[in-house]
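Survey of secondary and tertiary structure
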Amino acid sequence: MADAVLGGSAEEVFAKELAEAGLRYEVDGEIATITLDRPEKRNAQTFATWSALARIGDNLPEQVRIVVLTGEGPSFSAGIDLRMFTPEGVPGQGSFSSAAQLENASFEDTVEQAQQGFLWLRRPEIVSIAAVHGHAIGAGFQLALACDLRIVADDVKFCMKEPALGLVPDLTGTKPLVDLVGTAKAIDICLTARVVEAQEAYRLGLAEQVVARGELARAVREKAEALLAVNRDAATATKRLLRGARERTLEEQCAAERVEQARRVAALFG
Ligand code: ACO
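Just so you know, the residues in each chain are numbered from 1, in the order the chain's sequence is written. At least 70 in pLDDT is required for a residue's local features to be given in this predicted model, at least 80 for side-chain atom pairs to be given and counted, and no such filter applies to totals for whole chains, interfaces and linings, which use all residues. Side-chain metrics in this entry use all non-hydrogen atoms of the structure; hydrogen atoms and water are not considered.

1. Describing the packing of aromatic side chains
Here a pair means two rings of Phe, Tyr or Trp (six-membered ring of Trp) with centres within 6.5 Å. Their orientation is stacked below 30 degrees between planes, edge-to-face above 60, and tilted elsewhere. In this structure the tally under the stated criterion is 6 aromatic pairs. Where F96 meets F107, the ring centres are 6.1 Å apart and the plane angle is 70 degrees; that geometry is what we call edge-to-face. Of this pair, F96 sits in helix α3 (residues 96-100) while F107 is found in helix α4 (residues 104-119), placing the two residues 11 residues apart along the sequence. Burial classes: relative accessible area under 20% of the type maximum marks a residue as buried, over 50% as exposed, and values in between as partly exposed (1.4 Å probe, protein chains only). Here F107 falls in the partly exposed class, since its relative accessible area comes to 24%. Taken together, the ring pairs connect F47, W50 and F118 into an aromatic cluster. Secondary structure follows DSSP: runs of H or I at least 4 residues long count as helices, runs of E at least 2 residues long count as strands, and numbering of each begins at the N terminus.

In structure tokens form, the structure reads like this:
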């Protein structure tokens, strides 16, 4: 049975926000599952989606160790809701053309807010898993990239479409993409806006595992169980080390290992 997340009227406000954003959210013990739930529109994302994601991150119960991102229906996500590119925009949320009227700094603030929906998925205290099937286009691809791990169905189709639409990927996806596949492949994938299917995604390191579509939920559950079997504090400390490794020199990384291990040893044997 899913645990309650927020109490009283705050819960009602949150539930309304989630429904408007086309999201479902369930916490079951140490596992939180976020489902993109607008299948009739291929789980297209809006400003409301991103602010609801950020709110989930802000209110994540402390016991949660695994966050699973998944999509309802035939696609993980067809990316940004294309109505945001029309003058009318998404009712109640404006559009790119209204945002473009803002001074530059304000537009950047708007994007920074949207990015908050993605960034928390990298926190050391959790492992985030994107369970990706069907199309993961633009913002959908970037949401999968925001997660620590990607387990994909054999029908997956990743596509970074933004440059083909005259835009750049700006929902935190460029760094994980380069970290995973290298600069040259990232240039190839983004600047051609081509589709990357399952076997290539696996070969490039974009996916940790490829499974048959019907096996996706089970594969994610098994991965979650394996992750939960490891000591929580050691997992958090190790993820902190691994996430920071690229930015540190070897000497800095060795020093960081010593600091983390001293903490672990004090906790275990002190
Ligand atoms: N925004 C809003 N509505 C969408 C989106 C979207 N991104 N994608 C699909 N829909 C809607 C369609 O308009 C259609 O609605 P309707 O039934 O009211 O006509 C419904 O979802 C189903 O779409 P189909 O195209 O019929 O579904 P199909 O399975 O054949 O194709 C696909 C799926 C390939 C994802 C296709 O819908 C598509 O190319 N969508 C647009 C992708 C895109 O360009 N996204 C923006 C990327 S850039 C970024 O994210 C920043």
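Following the structure, the description resumes.
2. Details of the site of the ligand
Think of it this way: one heavy atom of a residue within 4 Å of a molecule or strand is enough to make that residue near it. The immediate surroundings of the ligand are formed by 16 residues, with K41, A78, I80, L82 and A139 found nearest. In protein, a polar contact means a hydrogen-donor-capable atom and an acceptor-capable atom, both N or O and within 3.5 Å, with residues adjacent in sequence counting only if both atoms are side-chain atoms; elsewhere, any N or O pair within 3.5 Å suffices. In this structure, a nitrogen atom belonging to the ligand sits 2.9 Å away from a main-chain N or O atom of L82. A distance of 2.8 Å separates an oxygen atom of the ligand from a polar backbone atom of A139. With residues, only the protein chains shown are counted as cover, and all accessible areas are computed by Shrake-Rupley using a 1.4 Å probe. Expressed as a share of its isolated accessible area of 940 Å², the protein-covered part of the ligand is 63%.

3. Let's talk about the domain arrangement of the chain
For every domain, the bounds stem from an assignment made automatically or drawn from a database. In terms of domain boundaries, the chain breaks down into domain 1 (8-229) and domain 2 (231-270). Relative to domain 2, the C-alpha centre of domain 1 lies at a distance of 28 Å. Residue contacts follow a heavy-atom distance rule, with two residues in contact if any of their heavy atoms lie within 4.5 Å. Across the contact, 16 residues belong to domain 1 and 9 residues belong to domain 2. Salt-bridge detection follows one rule: a side-chain nitrogen of Lys or Arg within 4 Å of a carboxyl oxygen of Asp or Glu. The interface formed by domain 1 and domain 2 contains 4 salt bridges. With a shortest N-O distance of 3.8 Å, D179 and R246 are connected by a salt bridge. The interface formed by domain 1 and domain 2 includes 9 residue pairs in polar contact (both at pLDDT 80 or more).

4. Overview of the nonpolar core
What we call a nonpolar core is a set of buried Ala, Val, Leu, Ile, Met, Phe, Trp, Tyr and Cys residues that are connected through their side-chain atoms within 4.5 Å. Counting residues in each nonpolar core, the largest one holds 53 residues, and the members touching the most others are V67 and F158. For this core, the element with the most residues is helix α5 (residues 139-146), which contributes 6 residues. Those residues in contact with F158, other than ones at most four positions away along the chain, are V132, A136, F141, A144, V152, R194, V195, V196 and A201. Counting residues in each nonpolar core, the second largest holds 14 residues, with I66, A131, A219 and A224 among its members.

5. Thoughts on the packing of helix α6 (residues 174-181) against helix α7 (residues 183-192)
For helices, the fitted line uses only the C-alpha atoms of the stretch in contact; every axis is such a line through C-alpha atoms, and the angle between N-to-C directions lies from 0 to 180 degrees. At a minimum axis distance of 7 Å, the contact between α6 and α7 shows a crossing angle of 125 degrees. It follows from the interaxial angle that α6 and α7 lie oblique. Relative to α7, the crossing made by α6 is right-handed. Along its contact with α6, which presents L177, V178 and V181, the element α7 presents T183, K185, A186 and C190. Following the grouping adopted for this structure description, the nonpolar residues are Ala, Val, Leu, Ile, Met, Phe, Trp, Tyr, Cys and Pro, the charged ones are Asp, Glu, Lys and Arg, and the polar ones are all others, Gly among them. For the contact of α6 with α7, the residue count by class is 5 nonpolar, 1 polar and 1 charged. To sort the angles, those under 35 degrees are grouped as roughly parallel, those over 145 as roughly antiparallel, those from 65 to 115 as roughly perpendicular, and the leftovers as oblique. Helix crossings get a hand from a simple test, with the near helix turned counterclockwise from the far one by less than a right angle marking a left-handed crossing and a clockwise turn marking a right-handed one.

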